[in-house]
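Residues per chain, in single letters:
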Amino acid sequence: MKTAVISGGNGGLGRALAARLEAEGWHCVLMDVTTEGLEASETRTPVQVDLTDSEALNRAAASVVAERPSIDMVIYNAGVSQIGPFAGSDEVSHRRVFEINYFAAVAMARAFLMPLRESGGVHLAISSVAGFAPLKNRTAYAGSKHALEGFFGSLRSEELAHGVRCVIAAPSFVATNIGNTGRGEDGIVRPGSAADGVDYMTPEDAAAVILRGVARGRTFIPVGRVARLSWWIRRAAPGVYERMMRRRISGEG
């Protein structure tokens, strides 16, 4: 039984990815800051851990590696967004977004680097359209996702010699927390909670597209119609993309 480790495993997309993998015979380790509602089973191991606590993350990863026969895929799905103009934000909140979206993923990649080399497995980073294109009133979020793509895109070249794949999936808007933003005074919100999105996908549909892309050997997977169109328009005509984005995205969450 192959093992997938999923950060943000208790969120909508994390659960959807786990359900699909489990149906295909995988065991899924779901890591999240809260595991409320997740039940351990023959195909599932919930692990409660604050991914921004490096020592706690390393302990949790070591325990998972010791308990599972192999680690075959690590899915970097944990993340938050921040909605609001840069002029109204502060350094603390900007760094917090990066700690969760970028640095926690880097720490997790380091913790599972050797196990994935041993299995010839897959690093699967869940990015966003904001990882390759601008998104209004989301400077910290877009910056963190650009960094995530830069990291895993560069890691790909290093890990290729070890038989390890690095895959980046970039969804547009996945409806995981509509009406449940959990918004703080700093503008940080739960992923998938933005009310100004376009052409929302369900977590189940997004998970299907992502895992199908992985199975087909792709290195970059735009997830959804908006993501695919954004990718091509951004590459062909950046100015056109930005004008369209500003008209469609209010940036008010």
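In this text, all values refer to a predicted model and were calculated from it rather than measured experimentally.

The rules behind each value
- Residues numbered from 1 in each chain as written.
- Predicted model: local features only at pLDDT ≥ 70, side-chain atom pairs only at ≥ 80, totals over all residues.
- Heavy atoms only, no water.
- Helix = DSSP H or I, 4+ residues; strand = E, 2+ residues; numbered from the N terminus.
- Buried < 20%, exposed > 50% of the residue type's maximum accessible area, 1.4 Å probe, protein only.
- Contact = heavy atoms within 4.5 Å.
- Areas by Shrake-Rupley, 256 points an atom, 1.4 Å probe, with all protein chains shown as cover.
- Axes fitted to C-alpha atoms, helices over the stretch in contact; angles between N-to-C directions.
- Parallel < 35°, antiparallel > 145°, perpendicular 65-115°, else oblique.
- Left-handed = near helix turned anticlockwise from the far one by under 90°.
- Nonpolar A, V, L, I, M, F, W, Y, C, P; charged D, E, K, R; others polar.
- Right-handed = clockwise from strand over helix to strand, strands pointing away.
- Pairing = 2+ DSSP bridges.
- Phe/Tyr/Trp six-rings, centres within 6.5 Å; stacked < 30°, edge-to-face > 60°.
- Salt bridge = Lys/Arg side-chain N within 4 Å of Asp/Glu carboxyl O.
- Expected span 1.5 Å × (residues − 1).

Chemist: Would you mind showing me how to read the overall build of the protein chain here?
Modeler: Within the protein chain, the regular secondary structure consists of eight helices and nine strands. Going through the 253 residues of the protein chain one by one, you find that 50% of them count as buried. Long-range pairs, those at least 24 residues apart, make up 67% of the contacts in the protein chain between residues at least 6 apart in sequence. Accessible surface computed for the protein chain: about 11800 Å², of which carbon and sulfur atoms make up 51%.

Chemist: I tried to follow the packing of helix 3 (residues 91-111) against helix 5 (residues 139-159) on my own but got confused; where do I start?
Modeler: Any two packed helices are characterised by the angle at which their axes cross and by the distance between the axes. For the pair helix 3 and helix 5, the least separation of the axes is 8 Å and the interaxial angle reads 15°. As far as their axial angle goes, helix 5 and helix 3 are roughly parallel. Relative to helix 5, the crossing made by helix 3 is right-handed. The residues of helix 5 that touch helix 3, namely those facing His94, Val97, Phe98, Asn101, Tyr102, Ala105, Val106 and Ala109, are Thr139, Ala140, Tyr141, Gly143, Ser144, Lys145, Ala147, Leu148, Phe151 and Phe152. Partitioning the contact of helix 3 with helix 5 into residue classes produces twelve nonpolar, five polar and one charged.

Chemist: Any chance you could explain the packing of helix 1 (residues 12-23) against helix 6 (residues 203-215) here in plain terms?
Modeler: Orientation of helix 1 relative to helix 6, taken along the N-to-C sense of each, is 55°, at an axis distance of 8 Å. As far as their axial angle goes, helix 6 and helix 1 are oblique. Viewed along their axes, helix 1 and helix 6 form a crossing whose handedness is right-handed. Residues Gly12, Leu13, Ala16, Leu17, Arg20 and Leu21 of helix 1 pack against Pro203, Glu204, Ala206, Ala207, Ala208, Ile210 and Leu211 of helix 6. Split by residue class, the contact of helix 1 with helix 6 holds ten nonpolar, one polar and two charged.

Chemist: I would appreciate a short explanation of the pairing of strand 7 (residues 165-171) in the present structure.
Modeler: Most of strand 7 is tucked away: six of the seven residues are buried. Note on the crossover from strand 6 (residues 122-126) through helix 5 to strand 7: the handedness is right-handed. Two strands pair when backbone bridges link them, and strand 7 and strand 9 (residues 220-223) are joined in this way by four bridges, in the parallel orientation. Residue pairing in the sheet places isoleucine 168 in a bridge with phenylalanine 220 of strand 9.

Chemist: Would you explain the packing of aromatic side chains in this entry?
Modeler: The geometry of an aromatic ring pair comes down to the distance between the two centres and the angle between the two planes. Applying the stated criterion across every chain yields a total of eight aromatic pairs. Ring centres of tyrosine 76 and phenylalanine 152 lie 4.7 Å apart, and the angle between their planes is 40°; this geometry places the pair in the tilted category. Residue tyrosine 76 is found in strand 4 (residues 73-76), and its partner phenylalanine 152 is found in helix 5; the two are separated by 76 residues along the sequence. The exposure classification of tyrosine 76 matches that of phenylalanine 152, with both residues buried.

Chemist: What's the story with the pattern of salt bridges in this structure? I'm lost.
Modeler: Side-chain pairs of opposite charge can arise where the charged atoms are in close proximity. All told, the structure shown has five salt bridges when counted by the stated rule. Between glutamate 91 and arginine 95 there is a salt bridge; the shortest N-O distance is 2.9 Å. Of this pair, glutamate 91 and arginine 95 both sit in helix 3, four residues apart, roughly one helical turn. Here glutamate 91 falls in the exposed class, since its relative accessible area comes to 53%. With its nearest N and O atoms 3.4 Å apart, the salt bridge here joins arginine 234 to glutamate 242. Relative accessible area serves as the criterion here: at 29%, glutamate 242 is assigned to the partly exposed category.

Chemist: So what exactly am I meant to see when it comes to helix 7 (residues 225-236) here?
Modeler: Every α-helix winds through 3.6 residues per turn, so residues three or four apart in the chain are directed the same way. With twelve residues, helix 7 extends 17 Å between its outermost C-alpha atoms, agreeing within 8% with the 16 Å of an ideal straight helix rising 1.5 Å per residue. Where the residues of helix 7 are buried, they touch strand 7, strand 9 and helix 8 (238-248).

Chemist: Looking at this structure, I do not really get the environment of glycine 163. What am I missing?
Modeler: By the element assignment, glycine 163 lies in the loop between helix 5 and strand 7. With 46 residues separating them in the primary sequence, glycine 163 and arginine 117 have C-alpha atoms 6.8 Å apart. If we skip the residues at most four places from it in the chain, glycine 163 touches Gly120 and Gly121.

Chemist: What should I look at first to understand the environment of glutamate 99 in this one?
Modeler: Structurally, the position occupied by glutamate 99 is in helix 3. The residues touching glutamate 99, leaving out its near neighbours within four places in the chain, are Thr52 and Ala104.

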